[in-house]
There are 4 protein chains.
Amino acid sequence: MTGARRETIKIAYIGGGSRAWAPHLMADLALSPSLAGEIALYDIDREAAAANVTVGRSIFAHSDARSHFSVEAVERLADALDGAGFVILSIEPGPTTLRFADLEIPQRYGILQTVGDTTGPGGALRALRAIPIYETFARQIMESCPDAWVINYTNPMSLCTAALYAAEPAIKAFGCCHEVFGTQERLAKLVSEWFSTPVPDRREIRLDIAGANHFTFASAASWNGIDLFPKLREMVATPDFFADHSENARARKSAERWFESDGLVAFDFFRRFGALGAAGDRHLAEFVPWYLPSEESLHRWGVVLTPYEWRVRRMASLSRREPDAPLSPSGEEGVDQIHALLGLAPLVTNVNLPNRGQIPGLPDGAVVESYALLDRDHLQPVVAAPLPATIEGHVRRIAEVQGMTLAAAGTRDRELAFQAFLFDPLVRIPTDRAARMFDEMLRYAKDFLPAWRA
Amino acid sequence: MTGARRETIKIAYIGGGSRAWAPHLMADLALSPSLAGEIALYDIDREAAAANVTVGRSIFAHSDARSHFSVEAVERLADALDGAGFVILSIEPGPTTLRFADLEIPQRYGILQTVGDTTGPGGALRALRAIPIYETFARQIMESCPDAWVINYTNPMSLCTAALYAAEPAIKAFGCCHEVFGTQERLAKLVSEWFSTPVPDRREIRLDIAGANHFTFASAASWNGIDLFPKLREMVATPDFFADHSENARARKSAERWFESDGLVAFDFFRRFGALGAAGDRHLAEFVPWYLPSEESLHRWGVVLTPYEWRVRRMASLSRREPDAPLSPSGEEGVDQIHALLGLAPLVTNVNLPNRGQIPGLPDGAVVESYALLDRDHLQPVVAAPLPATIEGHVRRIAEVQGMTLAAAGTRDRELAFQAFLFDPLVRIPTDRAARMFDEMLRYAKDFLPAWRA
Amino acid sequence: MTGARRETIKIAYIGGGSRAWAPHLMADLALSPSLAGEIALYDIDREAAAANVTVGRSIFAHSDARSHFSVEAVERLADALDGAGFVILSIEPGPTTLRFADLEIPQRYGILQTVGDTTGPGGALRALRAIPIYETFARQIMESCPDAWVINYTNPMSLCTAALYAAEPAIKAFGCCHEVFGTQERLAKLVSEWFSTPVPDRREIRLDIAGANHFTFASAASWNGIDLFPKLREMVATPDFFADHSENARARKSAERWFESDGLVAFDFFRRFGALGAAGDRHLAEFVPWYLPSEESLHRWGVVLTPYEWRVRRMASLSRREPDAPLSPSGEEGVDQIHALLGLAPLVTNVNLPNRGQIPGLPDGAVVESYALLDRDHLQPVVAAPLPATIEGHVRRIAEVQGMTLAAAGTRDRELAFQAFLFDPLVRIPTDRAARMFDEMLRYAKDFLPAWRA
Amino acid sequence: MTGARRETIKIAYIGGGSRAWAPHLMADLALSPSLAGEIALYDIDREAAAANVTVGRSIFAHSDARSHFSVEAVERLADALDGAGFVILSIEPGPTTLRFADLEIPQRYGILQTVGDTTGPGGALRALRAIPIYETFARQIMESCPDAWVINYTNPMSLCTAALYAAEPAIKAFGCCHEVFGTQERLAKLVSEWFSTPVPDRREIRLDIAGANHFTFASAASWNGIDLFPKLREMVATPDFFADHSENARARKSAERWFESDGLVAFDFFRRFGALGAAGDRHLAEFVPWYLPSEESLHRWGVVLTPYEWRVRRMASLSRREPDAPLSPSGEEGVDQIHALLGLAPLVTNVNLPNRGQIPGLPDGAVVESYALLDRDHLQPVVAAPLPATIEGHVRRIAEVQGMTLAAAGTRDRELAFQAFLFDPLVRIPTDRAARMFDEMLRYAKDFLPAWRA
């Protein structure tokens, strides 16, 4: 636990070609004086991996860098994994154009989705594509680097992580997500207003967290020992607090600010159920049947649909890191987690792990989100404070839907996969129409679902 | 166990003024040579009770009668219960016009219900009215006749029965329903077609049953040792089997044959999930979000909505039993159950009881429907054959909604009652609209919800 | 359900060479006019099987016989099973001289056992020998006659039955034991005394039963609707009821009446825990650490140890059925069970089955004893009335010990088998002495534990 | 979280008159620059409390002191608790002479106990005395200082802590024990030998801990990232490692070094079950039936019985703290825990809390020992790494015995208390002798069991 120690490690980075995650992680590594070693990049998109090599090398060559990692792209998954102490998984299961199947086909059947990568028909189809890939990852990891810690960033987070454990129960994997940070940040701003104080660091906002990834809830929140829930209750009881935010939504839509909201959905959960939604409104709205009967209904909460065509457009235009820009911390926790698991500084943070007691009301083995204690080669979930029973009911249902999808994907069981579809809160159309929708979706994505019957 | 024995018993019949149940039970009693004794009728509607006295006396005076019971209407609940060996509960929680709140208000918010007395917003509101009454029943029963067997026929069946146990855990109560008989009858007709045999008695159709009342499923069916599921699978795979039945529905609507259907919903469950719905389609359709997005959608399955105004009209015009009509068995099982509990003839039948192992995947204590063994002063549930996991998931959710409603009614907790509303599969409207609907419903029924805040 | 039906079946009888069971079953079959068919006897002791053929043929040729079965001994297990509708398992896992290891070796280490074939070190070692044989049976049954009903009579009953399910989860097996009948008979005699009535048939004594085989308890008992527990409580409160019965024990010992007792242990459970032991005292005494610190202690309860040398002597001298003796019902229920499973007459009786809800406080999957409903090709456990919590605790512990032994036998895991030994209530000697005892026992029986390290 | 903060708190110290705990805690407080405030001492032994005031004042007046607390003895429990932020419970439930009932009476019946304050007949009787006192504490705490953190040091630790929660479920209490530290210290010494390094601080030995207090197990141990279990396995496999240590025991006995052992019992658990006993041998030996059949048997493991007469003698002669002695840290963690709960420095340590998921195999609600995360006004158990199943079985049984004792004490149910006695692993004598022993024990302690029938 002395700062002077410097650990030499190999990190395998799988996927991540077209995303900001790899540069962020490499920048954070470069700013960490306690680490050194090598990064092996593997992506089925070779060009993307090569581009990341260039970015990575420029980062570690940057004058701000306080550590050095060599950066190489490798040809085979096994080469990346061989000898790795840490494995980062951050892939796109199929080209972005597949989001058409995830989003546009359901929409034609009247099922709107704000994100469609975690839950709902889109999340399920994405899971069906990703799970077999994750099975392969799990098996190769246990062959090449069974002692490595595996950090998953891919969505659907819970199901990808669950697929690793389903294939290899002894794997040391967990899923990470920054949505909870956003809730801390939102509360930090409120603290600043309420207590006329500078906006505190998000880490000063203490939450009691439990749920499934992207459908996580804070059953308590405090700052500096002050319970924030009474203040929040006051705030949401203000007459106009839940006024129609359609105007905001329309402005966001025309400005293409898809990811922005006012947290009204998170606060609606707070008002109705007593726990604060601890993810973005776009995510929260998809897990229950109340917010998405129509685009108009959604707008009322200030939330907008992210259009499919924009997603395709954006992927094509994502610009790379500017090499001369100063290195700055990303705000992500990946490197802090690596530090903790190396024994450099213990960390308590929210992670996604198979449930083995941390949230007693949720199914055993389901991948759930809670705090965990990260320490030298140890990752132990902390038993979460209980959620309000009715919130737990909604989360349990999601965990059950995911359990069915996982089982269906594992056995390529088309009927079970459809039963999981029907159990999803967003699917409230007649069963025969749902069956047609499901067929269309599978057919569209069939090249990426090789083991399934057409 | 000798047929020659004749047991003398007192039966307390609570409610039942305006329904066919009391005459049916009395006719069945009159046809049973093993029983004799007295029937004490108690109804807050004194006229209705008096009318039943007249009917009852004419039944036991009938030349077909093989047993004698005296029939009296009493002024106080305690008088009816005092010394009773059996208590029959069959009440209407509030006047029929309250069904307006149960059915019409939700409909204005876009929530259609085919029955609305068991589940959905209507079933929940009805439960909020009935549960306090059932608490009173339970307490008076434990004071007046703690050893009596209590048979409940009132809907919502599960919640009324659960309310008895919540108030008095030592009560000897169970709920009875004949919906499963209808499934046996439907299969008996199919057996006749398939095997060119006369239609067998419904009791010859052996089902494996599990579920919540009105949302019960057969995971197996056989006749004469022949598994009927392969035949059923063949039948539902016929190309036109699930063709649009809207024409049937329209014919039913214009003929006011509200209770009729083709079983298409029951078979749709069979096709999609592998277990046969074992209740009428009108009931099954309400427990899931797929069949009721619109009246048109519902008609497609051959099912029609029972209109509120017809219900009111019917109640006004219900004719009484014709005194000279011959006595014939009702097809109900109440008297067989009384026989069994007196030790005259053991019986295995489906009943509703708090779960204590009979359906391991459903919550402990929730009132569930399964087979049970009835024997001299003994009622023991039989462990049900497992349901398909996805069907069990849907039933579990219903059991959870009911658990919330029960808790809310017990503590008059308005917020929890609303949370239960939101958890119901039929409620998929925005939360603020749902809150307005809930307020309207409570306000309309407020005279029958005395302990609740307006 | 018409008496006129006659079912033609094949019964495979496995083992049973040297026991009374096969003649009993054949006599009961011969007295059943509803059955006919063939019996295939298979025993690794060919001579014993041949002797049973002679006995069987004489039974079916007897003038009292009302049905006919052909009786053949076959050379291979598969031949016996092929086409069988029922399989009876009743074997001795190794020669009687192995009881030396089961009984005498533990005794040298200070561990007395009254029976030693179900629990304790002896029961465990016998299980280690029997389980691999039962795995073979299960696999061959699922190959040769997967739809057959399998009735096990071999001890350790729970573990042999559990081994069938562990090897083949879809097997239709259950274990049968008549110990509960003895409790009914004891109570029938008391009823006769208490109510000055002729001794009623044991079936008229209604018990609520739950437990593990040979460690089963009645949580209620009634006759003719009269609760017998108040009478029992009075009886055991009589000042001298629990007086020292050593004299009885000594008389039994010298008369070699090993199986006789006064039920004092069963009644001691009743007095201390509120549930009546529903098995013979010899069995009950072995499952807890209180009755067997010394032979003298045991005698105090009127119970005696069955000596090893007598067992060997008896096996050598067992006489065969006298061919001219009239056929009389055995009092066993095997044939009634066959009737029920053929759909001839439903039956409710106590059987041993994997727990899936019938005794909620015991481990899921453990083979437990409870009532079950037997009907045409159906066997469904009835949810047992709850045992007193402390009794349930003792049974749960036995179920846990058995679970460990089953797992150890399944994987031939010597360390786990020893851990199970140490968890047995009878093993209260130092761990190193226990380890030596375990080694000696394994070594003695090593020829019958082929897959284990010496 | 800045070191410069100084928190002002009131600590209520209940009991502790004659023990070293109060001086230790006060010394640790005096050495903490971040704290200040007042200590209110309450003891039914007024003299003892007064003596502690003198000691306490001398400590805070000491030149080594870096903080100041006022120290007062108060007359009434409520005065001590009023306004307290922390409550320390450390009482003796009845005079030391009552240990006669706990230890000597069982010994006359052949039941030896090494400690007799946690488990076994002695632990149970002590629990029966302590639980009503703890109920009173809980109720007064919730009245006087419901937000205070309550730290219990009294044995039986689990049951005293459980009694607080049974009486007041919303209480913020936990139990603390240093036995695990001893295991860390033992391993630290071995690390020093094995790796030729100075003895590391015990905190550097990382254990995975789970169990019930004094019957806790390490399922893993590491130092500096090095797994220590392979080394331990080697060590215990050394031929003479488990040789007879009777000579050591005899030496200890004659030198009155009762608390000393060689850890052989802890290592025997490791050898037999794969988890290392993480409490002193004196404690571990009492929870299973293998080590205490006789004093000789116990000596074989190098462990000795602490005689009752010495305990009495010692209490009379306990000397007080020497006022001029330098202040030194006690090695206990109480003050670190206070720091953590004030938000000064988060701490992960082992505590005793009602199980709500931290050890999934143990009963819900039972007070179990595991790691927990202590943070500003937060105490959350960490989900423990799974114990070997057989060890968990032994712990579960202890938790069940304790659950019975708690229920019996709460309702003053003599029969249930005796059933709990019989379920204890040490009680293996005939039930009638056990009943006599139980009667004698209750009679001896009857003045301290006021609500019980004689």
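As a further point, take the overall build of chain A. Summing up its helical and strand segments, chain A has 17 helices and 13 strands in all. In summary, chain A has a C-alpha radius of gyration of 22 Å against a globular reference of 22 Å for 454 residues, a match within 12%. Taken along the three principal axes of its C-alpha coordinates, chain A extends 60 × 55 × 45 Å. In chain A, which comprises 454 residues, the share counted as buried stands at 65%.

Each of the two chain copies can be brought onto the other by rotation about an axis and movement along it. For the pair chain A and chain D, the best superposition has an RMSD of 0.0 Å and corresponds to a rotation of 180° with a translation of 0.0 Å parallel to the axis. Both copies of the chain, as the preceding transformation shows, are related through a two-fold rotation axis. Here 100% of the interface residues in chain A have copies in chain D that are interface residues too; the copies meet face to matching face.

What follows concerns the interface of chain B and chain A. At the junction of the two partners, chain B supplies 29 residues and chain A supplies 29 residues. Summing both sides of the interface, chain B and chain A together bury roughly 2600 Å²; the carbon and sulfur share of this comes to 55%. Together, R272, W290 and T431 of chain B form the three largest contributors to the area buried by chain B at its contact with chain A, with a combined 23%. In this assembly, chain B and chain A are joined by 4 salt bridges. Salt-bridge contacts for R300 of chain B lead to D432 of chain A; the nearest nitrogen and oxygen are separated by 2.6 Å. Joining chain B to chain A, the criterion identifies 14 residue pairs in polar contact (both at pLDDT 80 or more). Among the secondary structure elements, those contributing two or more residues to the side of chain B that touches chain A are helix 10 (264-273), helix 15 (389-411), helix 16 (414-423) and helix 17 (431-444) of chain B. Residue contributions to the side of chain B that touches chain A peak at 7 residues, all from helix 15 of chain B.

Once that is clear, we can look at the packing of aromatic side chains. By the definition in use, this model includes 97 aromatic pairs over all chains. The lysine or arginine in question, R271 of chain A, covers the ring of F242 of chain A, its NZ or CZ lying 3.6 Å from the ring centre. Note that R397 of chain C overlies the ring of F423 of chain C, its terminal NZ or CZ placed 5.2 Å from the centroid.

Quick look at the packing of helix 6 (residues 157-167) of chain B against helix 15 of chain B now. Residues and elements named next belong to chain B. Running from amino to carboxyl end, helix 6 crosses helix 15 at an angle of 50°, the nearest separation of the two axes being 10 Å. As judged from the angle between their axes, helix 6 and helix 15 are oblique. Note that helix 6 runs across helix 15; the crossing there is right-handed. Facing S158, L159, A162, A163 and A166 of helix 6, the residues of helix 15 in contact are Q402, T405 and L406. Within the contact of helix 6 with helix 15, the residues separate by chemical class into 5 nonpolar, 3 polar and no charged.

With an RMSD of 0.1 Å, the operation that places chain B on chain A is a rotation of 180° combined with a shift of 0.0 Å along the axis. Both copies share a contact surface, since 100% of the interface residues of chain B are interface residues in chain A too.

All names here are of chain B. Counting buried residues in strand 11 (residues 347-354) gives 7 out of 8 residues, a clear majority hidden from the surface. Two elements, strand 11 and strand 12 (residues 367-375), share 8 bridges in a ladder whose sense is antiparallel. Bridge assignment links P354 to a residue of strand 12, and that residue is V367.

Residue and element names in this part refer to chain C. Relative to the helices and strands, D281 resides in helix 11 (residues 281-284). One buried charged residue, D281, forms no salt bridge at all, with the nearest opposite charge on R186 at 5.7 Å. Looking at D281, its side chain comes within polar contact range of the side chain of S261, at 3.2 Å. When neighbours within four sequence positions are excluded, D281 is seen to be in contact with S261, D262, G263, L264, V265, A266 and V303.

So, about the environment of A166 of chain B. Positionally, A166 of chain B belongs in helix 6. Separated by 75 residues in sequence, A166 of chain B and F241 of chain B place their C-alpha atoms 44 Å apart.

Quick look at the confidence of the model for chain A now. A residue-level look at chain A finds 97% of positions with pLDDT of 70 or above and a mean pLDDT of 94. For this predicted complex, the interface score ipTM comes out at 0.94, while the overall pTM is 0.95.

We now examine helix 7 (residues 179-195) of chain C. All names here are of chain C. Here helix 7 is 17 residues long and its end C-alpha atoms lie 25 Å apart, about the 24 Å a rise of 1.5 Å per residue gives. All buried positions along helix 7 are accounted for by E179, V180, F181, T183, Q184, L187, A188, L190, V191, S192 and W194. With its phi angle positive at about 45°, S196 sits one or two positions after the end of helix 7.

All names here are of chain C. Within the fold, R126 resides in helix 5 (residues 120-144). Judged by its relative accessible area of 2%, R126 falls in the buried class. Setting aside anything within four residues of it in sequence, one finds R126 in contact with I91, E92, P93, R99, D102, D117, T154, N155 and P156.

Facing the 20 residues of chain A at the interface are 20 residues of chain D. Considering only the side of chain A, the residues that lose the most area to chain D are R206, R356 and V383 of chain A, jointly responsible for 31% of the buried surface there. Summed over the shared surface of chain A and chain D, the number is 2 salt bridges. For D375 of chain D, the salt bridge is made with R206 of chain A, and the minimal N-O distance between the two is 3.6 Å. The tally of links between chain A and chain D comes to 14 residue pairs in polar contact (both at pLDDT 80 or more). Going through the elements one at a time, strand 7 (205-212), strand 12 (367-375) and strand 13 (378-381) of chain A are the ones with two or more residues in the side of chain A that touches chain D. With 3 residues, strand 13 of chain A is the single largest residue contributor to the side of chain A that touches chain D. Taken together, the residues of the side of chain A that touches chain D sort by class into 9 nonpolar, 6 polar and 5 charged.

Reading the values: rules and limits
- Residues numbered from 1 in each chain as written.
- Chains lettered and ligands numbered in written order.
- Predicted model: local features only at pLDDT ≥ 70, side-chain atom pairs only at ≥ 80, totals over all residues.
- Heavy atoms only, no water.
- Helix = DSSP H or I, 4+ residues; strand = E, 2+ residues; numbered from the N terminus.
- Rg over C-alpha atoms; globule rule 2.2 N^0.38 Å.
- Buried < 20%, exposed > 50% of the residue type's maximum accessible area, 1.4 Å probe, protein only.
- Least-squares fit on C-alpha atoms with pLDDT ≥ 70 in both.
- Contact = heavy atoms within 4.5 Å.
- Buried area = accessible area lost by both parts, 1.4 Å probe.
- Salt bridge = Lys/Arg side-chain N within 4 Å of Asp/Glu carboxyl O.
- Polar contact = N/O pair within 3.5 Å; in protein donor to acceptor, adjacent residues only side chain to side chain.
- Phe/Tyr/Trp six-rings, centres within 6.5 Å; stacked < 30°, edge-to-face > 60°.
- Lys NZ or Arg CZ within 6 Å of the ring centre and 35° of its normal.
- Axes fitted to C-alpha atoms, helices over the stretch in contact; angles between N-to-C directions.
- Parallel < 35°, antiparallel > 145°, perpendicular 65-115°, else oblique.
- Left-handed = near helix turned anticlockwise from the far one by under 90°.
- Nonpolar A, V, L, I, M, F, W, Y, C, P; charged D, E, K, R; others polar.
- Pairing = 2+ DSSP bridges.
- Lys, Arg positive; Asp, Glu negative; His and termini not counted.
- pLDDT = per-residue confidence, 0-100.
- Expected span 1.5 Å × (residues − 1).

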